[in-house]
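Chain and residue survey
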Amino acid sequence: MNTNNNENKETRGVTMLAEERKQYIMNMLNEYGIVRVSDLSAQLNTTEATIRRDLDDLQSKGMVTRVHGGAKSAISTGKKMTLQENIAKCAEEKKKIAQIAYRFISERDCIILDSSATVLELAKLLRINPIKDLTLITPSFVIFNELVHEESYTLIFVGGKYNRLLNSTAGILAQTVLENIHVDKAFLGVAGLDPTYGFSGPYEEETGVKKCFVSNSNHQYMLADHTKFCRTYLYRFASPDDVECIVTDAKPDRNVCEAFETRNVKIICE
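Below is a summary of the structure that appears in this document. Note that this is a predicted model, so its numbers are computed, not measured.

Rules of the game
Residues numbered from 1 in each chain as written. Predicted model: local features only at pLDDT ≥ 70, side-chain atom pairs only at ≥ 80, totals over all residues. Heavy atoms only, no water. Salt bridge = Lys/Arg side-chain N within 4 Å of Asp/Glu carboxyl O. Helix = DSSP H or I, 4+ residues; strand = E, 2+ residues; numbered from the N terminus. Buried < 20%, exposed > 50% of the residue type's maximum accessible area, 1.4 Å probe, protein only. Pairing = 2+ DSSP bridges. Axes fitted to C-alpha atoms, helices over the stretch in contact; angles between N-to-C directions. Core = buried A, V, L, I, M, F, W, Y, C linked by side-chain atoms within 4.5 Å. Contact = heavy atoms within 4.5 Å. Expected span 1.5 Å × (residues − 1).

**Let's talk about the pattern of salt bridges**
- Evaluation of the coordinates by the stated rule reveals 14 salt bridges.
- When the shortest N-O distance is used, the salt bridge between Lys-185 and Asp-109 registers 2.7 Å. Separated by 76 residues along the polypeptide, Lys-185 in strand E9 (residues 183–189) and Asp-109 in the loop between helix H6 (91–102) and strand E4 (110–113) bring together distant segments of the chain.
- Lys-185 sits in the buried class, given a relative accessible area of 9%.
- When its relative accessible area of 9% is taken as the criterion, Asp-109 is described as buried.
- Counted as one network, the salt bridges with shared partners bring together Glu-19, Lys-22 and Asp-57.

**Quick notes on the sheet that holds strand E13 (residues 235–238)**
- On the basis of which strands lie adjacent, the open sheet formed by three strands has the order E10-E11-E13 and antiparallel pairing. Sheet topology places strand E10 (192–194) and E13 at the edges, where each strand pairs with a single neighbour. If you compare each strand with its neighbour and ignore which way they point, the axes differ by 35° on average.
- As paired strands, E10 and strand E11 (residues 198–201) are joined by three bridges and run antiparallel to one another. Residue pairing for E11: Asp-194 is matched across the bridge by Gly-198.

**Examining the nonpolar core**
- In this structure, Leu-193, Phe-199, Met-222, Phe-237, Ile-246 and Phe-260 are the most contacted members of the largest nonpolar core, which totals 29 residues.
- Breaking this core down by element, the ones donating at least two residues are E4, helix H9 (171–178), E9, helix H10 (204–215), E13 and helix H11 (254–261).
- Looking at which element gives the most residues to this core, the answer is H10, with four residues.
- When sequence neighbours within four positions are dropped, the list of residues in contact with Phe-237 reads Leu-188, Gly-189, Val-190, Phe-199, Ser-200, Thr-207, Lys-210, Lys-211, Val-214 and Met-222.
- Ala-101, Leu-125, Leu-134 and Val-247 belong to the second-largest nonpolar core, a separate cluster that totals 25 residues.

**A short note on helix H7 (residues 117–128)**
- An ideal rise of 1.5 Å per residue puts 16 Å on twelve residues; H7 measures up with 17 Å between its terminal C-alpha atoms.
- The buried count for H7 comes to nine of twelve residues, which makes it a mostly enclosed element.

**Points about the sheet that holds strand E1 (residues 34–36)**
- Here three strands make up an open sheet; going across it, the order is E1-E3-E2 and the pairing antiparallel. Across the chains shown, the open sheet's two edge strands, defined by having one partner strand only, are E1 and strand E2 (64–67). Between one strand and the next, the sheet's axes are offset by a mean angle of 25°, whatever the strand orientation.
- With three bridges joining them, E1 and strand E3 (residues 70–73) adopt antiparallel strand pairing. Following the sheet pairing, Arg-36 is matched in E3 by Gly-70.

As structure tokens, this is what we get:
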């Protein structure tokens, strides 16, 4: 009798796909920091054996740490590096990614450029090889200064609280501005990409701004080198369902690619 009950429970549970269950688990961990197998089994209407397999898989990706009866979050708060430190890291990869991203910009586009080092490389290309009649919105002082002398560009600087690490603005004032605009394309740097957890970074103050970039754009391009895949940070600003494209210098392994593709996220590296 118990076996039949478990089988029936398992059958009902398969209505939620494995990736959906793992996303639910990560959401619970993001909110509470720790979860119990028995609670997740009841909430997701599936067996405890299935939940244990999900937790084992998440642990293999470095996203959770198994504890007796459940799991706790293994997501790192991450080191907050300055813009100059970010510029120096994987410099050639950033240039390659920027060259790919540049191809997706057309005349008369209205675009957002965030304050990341990889997007700065894209801004440099837009200075060297201007594209006519662009409207460019950015919270980055460095990117603004990179583009200010191109007279065909309409530049909009997003004001707000000054972030000395990234030489940019963020916070509630910046979000208020961004909530009242809509653009064709948004180009964002990202520290961590995972097909279950989504897109995240170590900067709490940047999270709200990046969320606005994603939600208020028709097309979203996440710029990240190959070292960023399957890494997760405390501050998530978008799920895979919110994003259209990842632009990178080299594709991750097939399983990661397929996991993103099932969420309708394109990975572009050439």
